[in-house]
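# Descriptive structure summary
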Amino acid sequence: MTEEKSDKTEKSKETTEEAAEEKAEETVEETEQAEKAEEGGEAKAAEEKKAKKSLPKPKAAAKKKPTPRKDEKYLSRNFEIPNAHNLDVYEANGGYRALKKAMKMDGEEIIEEVKKSNLRGRGGAGFPCGIKWSFLPKESDVPKYLVINADEGEPGTFKDRYLMELDPHRHIEGCIIAAWALGIRYCYIFVRGELQFAQRRLNQAIKQAYDAGYLGKNILGQDFDFDIYVHPGAGAYICGEETGLIEGLEGKSGQPRMKPPFPAVVGVFQAPTIVNNVETISSIPFIIENGGQWFADMGIEKNGGPKLYGLSGPVNNPGVYEAPSGITIRELLERYGGGMRDGHELKAFIPGGSSCAVLKPDALDAQMGFETMREAGSSMGTACITFMDTNTCMVRVAARLAHFYHHESCGQCTPCREGSGWAAKVLDSIEAGRGRMEDLDLLLDMCDNIQGNTICALGDSIAIPVRSYLQVFPEEFEDHIKRQSCPYPAWSKRKTSADSDAA
Amino acid sequence: MAVEFSEEAEATFQDLISRYPNNLAAMLPVLHLAQSEFGWISVEVMDYVANRLDVHPTKVLNAATFYTMYNKQPIGKCHIQVCTTLSCALMGGYEIIDYLEDTLGIRVGETTPDGRFTLSEVECLASCGTAPMFQASFCDGEIEYFENLDAERVDEVLKELNEKLEALPLPKDMH
Ligand SMILES: Cc1cc2nc3c(=O)[nH]c(=O)nc-3n(C[C@H](O)[C@H](O)[C@H](O)COP(=O)(O)O)c2cc1C
Ligand code: SF4
Ligand code: FES
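All values derive from a computational prediction rather than experimental measurement. Positions within a chain are numbered from 1, following the residues in the order the chain's sequence is written. Chains carry letters and ligands carry numbers; both start at the beginning, A for chains and 1 for ligands, and go up in the order they are written. Only residues with pLDDT of 70 or above have their local features reported here, since the model is predicted, and side-chain atom pairs are shown and tallied only from 80 upward, although totals for entire chains, interfaces and linings are computed over all residues. Heavy atoms from the whole structure form the basis of all side-chain values; hydrogens and water molecules are not counted.

Once that is clear, we can look at the domain arrangement of chain B. Taken domain by domain, chain B holds domain 1 (7-66) and domain 2 (78-165). Computed from C-alpha atoms alone, the centre-to-centre distance between domain 1 of chain B and domain 2 of chain B is 28 Å. Throughout, the edges of the domains are those of an automatic or database domain assignment.

Laid out in structure tokens, this is it:
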């Protein structure tokens, strides 16, 4: 391995394959640098790094054998390692190396790497993380805050839970790096109240990190103080919206605020605040360790990095899987999900949580990226895909989701509060066999009146999916109305969607 | 019984309020603590919390009513909350409700006469890949997830839960 590499040192890369290989090698190289630095050769390592930056990426000798990139795991690397939630096991597997490296960089440098990485917010909206970070004022009279959105509640979404339960230190390491880069003093991880196991794991890891000097005062001997607290939610989907989250953190009901001002300027406790999703921050250590370009290369245009994908519905292997950005839904379904279960034929899917528009199987080859999914007629959202089979009634699905949003509306805006309840009622009546053809236009009208006319995006989360079911499966709605009944098997002996409003 | 934190809860309370720049921000964790201490959030409990946090009682009422995890009525020792949102509905979440209704002899929203179980239907609990599932919330504040359910597994789980419930008081007797 070593000879082969040094042989190539002088040559510049020619093929993309080589470039990819080189990336993997760079990873190892940077690891070595970090190790060297730890051994006390900081100055030398820094010098070497500088020299390397100006060269057109020469190949370096690698000690370790890089595994094939495609199946290499990052975010889920520790999921299979027993006790990786404990500090010693985490460190033995390379943990907190990225932090040590980051603390030799200055904030601007880190923000640049994150910008270069094309890391998009993993909470659903896909805002470029580096750009968000650059909006946070450098100087502030009051302490700045990092608030982690761990309120995971978008129907169909179940990825952040794994990151918190199985690899909590990775997340904490990401938080500390963000704090170092941005001059942040305090962090609250707002965890969904129901996810007690995740809260316990995080609390335990935070305690270990304090004991090891990664948190608290003078972190790693530097002039850097940072504290993290876990804040439990209490059962309100709307607290997932970033300003609802901030209200909930302040001890109030989670009613979203008007924007602007954005949280980066006026956030929690009136202070400049960065709100990021769990997975976004858990990705940061990999960017620091391997470089922003490396991360960007593992994806498609504007969408970088490894990513967690959730698969649910009647597939053979539902669950959370890691793959690069830009993977097609077909590959996720077939290669990771093992295809649809026997006797279940794919009828429709939702790419990233229930607020995304529904798609038909002809969109299976769309790539998972924010722009590519928009071109396909939906959005990437949380990248947790719900697959539905041919036994699924699209009218009932639309009705069920309308009930969800009605139940979760915080009630501040009339279009959202009233529109969601009305849409649910009309959809229920179509499903129950009492629909009229004019209801279809009425529903579309309602969607138009809700979308864009509300304080937060929950309003759009009702309008966009409801409209999509009507437009993608119009014949199914018409059929219900013509026959005045639902031809699909019931979900329950007793219940129809007409009384499916959750408790 | 008096509404007052035990020594252990008092220590937790002090730790909680030390984590925030103002007491109001400790509302959610303190209400969780109060519910696990006092079984449910009565008007007396709200007053007590308002007192301890030194905030106006309407602020406590506001939070206690907005968030669904706080019980404003005493319910069963164990609150079985079945998810019936889309991914669970597709995988049989409603059948789990049917089965629980038959087995426990109650309907959604009701409590068994012995005060052990309350049954509810809830929205997505971030467990969609292991659907269908339910969450069991105990009156001591613990929450446990039970996933990949079918009738057989539900029977097993109910047995486990019943054993655990022996040792727990009825929420209505907790203050
Ligand atoms: C109704 C609603 C619910 C949301 N729920 C969540 C959630 O549960 N988790 C999350 O990370 N983001 C959620 N978001 C997105 C957040 O508002 C915000 O965009 C995100 O936390 C920003 O972090 P990111 O840039 O790292 O993705 C939600 C947004 C809306 C409008
Ligand atoms: S859109 Fe709905 S959830 Fe959002 S602030 Fe308005 S009423 Fe509340
Ligand atoms: S749909 Fe039931 S846990 Fe998500």
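Looking now at helix α14 (residues 329-336) of chain A. Residue and element names in this part refer to chain A. Taken together, the buried positions of α14 are I329, L332, L333 and Y336. For α14, the angular spread of the buried residues around the axis is 115 degrees, confining them to a single face. Secondary structure elements follow DSSP: runs of H or I of four or more residues count as helices, runs of E of two or more count as strands, with numbering from the N terminus. Immediately beyond the C-terminal end of α14, within one or two residues, lies G338, with a positive phi of roughly 70 degrees. For each residue, the accessible area found with a 1.4 Å probe, counting protein chains only, is set against the maximum for its type, and the residue is called buried under 20%, exposed over 50%, and partly exposed in between. When we speak of the arc, we mean the arc of directions from the helix axis to the C-beta atoms.

Our next topic: empty space enclosed by the protein. To locate leftover empty space, one rolls a probe as large as a water molecule over the atoms. All names here are of chain A. Cavity and pocket criteria rest on a 1 Å grid covering protein atoms alone: a 1.4 Å probe that fits but cannot get out defines a cavity, protein on both sides within 12 Å along at least 5 of 7 lines defines an open pocket, and an atom within 4 Å of a point defines a lining residue. Grid points are joined across faces, edges and corners, and a volume is the space filled by probe spheres set on the points. Going through the model one piece at a time under the given rule, you end up with one cavity of 30 Å³ or more. In this structure, the largest cavity occupies an estimated 70 Å³ of space. As for the largest cavity, its lining consists of 13 residues, and the residues nearest its centre are C410, C413, C416, C456 and L458. Each residue gets one label: Ala, Val, Leu, Ile, Met, Phe, Trp, Tyr, Cys and Pro are nonpolar, Asp, Glu, Lys and Arg are charged, and the others, such as Gly, are polar. Counted by class, the lining of the largest cavity contains eight nonpolar, four polar and one charged residues.

All names here are of chain A. Domain annotation for chain A reports domain 1 (8-58 + 67-296) and domain 2 (394-499). Taken together, the contacts link eleven residues of domain 1 with eight residues of domain 2. Counting each side, the surface lost to burial between domain 1 and domain 2 is near 860 Å², with a carbon and sulfur contribution of 69%. By the criterion applied in these results, polar contacts are pairs of N or O atoms within 3.5 Å in which, for protein atoms, one can donate a hydrogen and the other can accept it, and in which residues neighboring in sequence qualify only through two side-chain atoms. Linking domain 1 with domain 2 are three residue pairs in polar contact (both at pLDDT 80 or more), by the criterion used here. When checking whether two residues touch, look at their non-hydrogen atoms; a contact exists if any pair is within 4.5 Å. By buried area we mean the combined loss of accessible area, with a 1.4 Å probe, across both parts when two parts are placed together.

Attention now moves to the site of ligand 1. All names here are of chain A. Around ligand 1, 19 residues are found, and the nearest of them are G123, K132, N276, N277 and T280. Interatomic distance of 3.2 Å between a backbone N/O atom of G240 and a nitrogen atom of ligand 1. The element contributing the most residues to the shell around ligand 1 is strand β4 (residues 273-277), with three residues. The residue makeup of the shell around ligand 1, split by class, is five nonpolar, eight polar and six charged. Note on definitions. A residue lies near a molecule or strand when any single heavy atom of the residue is within 4 Å of it.

Residue and element names in this part refer to chain A. Across the sheet, four strands lie side by side as β3-β2-β1-β4; this open sheet has parallel pairing. Each edge of the open sheet is held by one strand with a lone partner, namely β3 (227-232) and β4. Across the sheet, the mean angle separating the axes of adjacent strands is 20 degrees when strand polarity is ignored. Paired strands are those between which DSSP finds at least two bridges. Note that strand β1 (residues 145-150) and strand β2 (residues 186-191) share six bridges and pair parallel. Each bridged residue has a counterpart across the sheet, and for Y145 the counterpart in β2 is Y186. Contacts from helix α10 (residues 196-211) reach β2 and β3 within the one sheet, and its direction differs from that of β3 by about 165 degrees. Only the stretch in contact is used when fitting a helix axis, every axis being a line fitted to C-alpha atoms; angles between N-to-C directions are given from 0 to 180 degrees.

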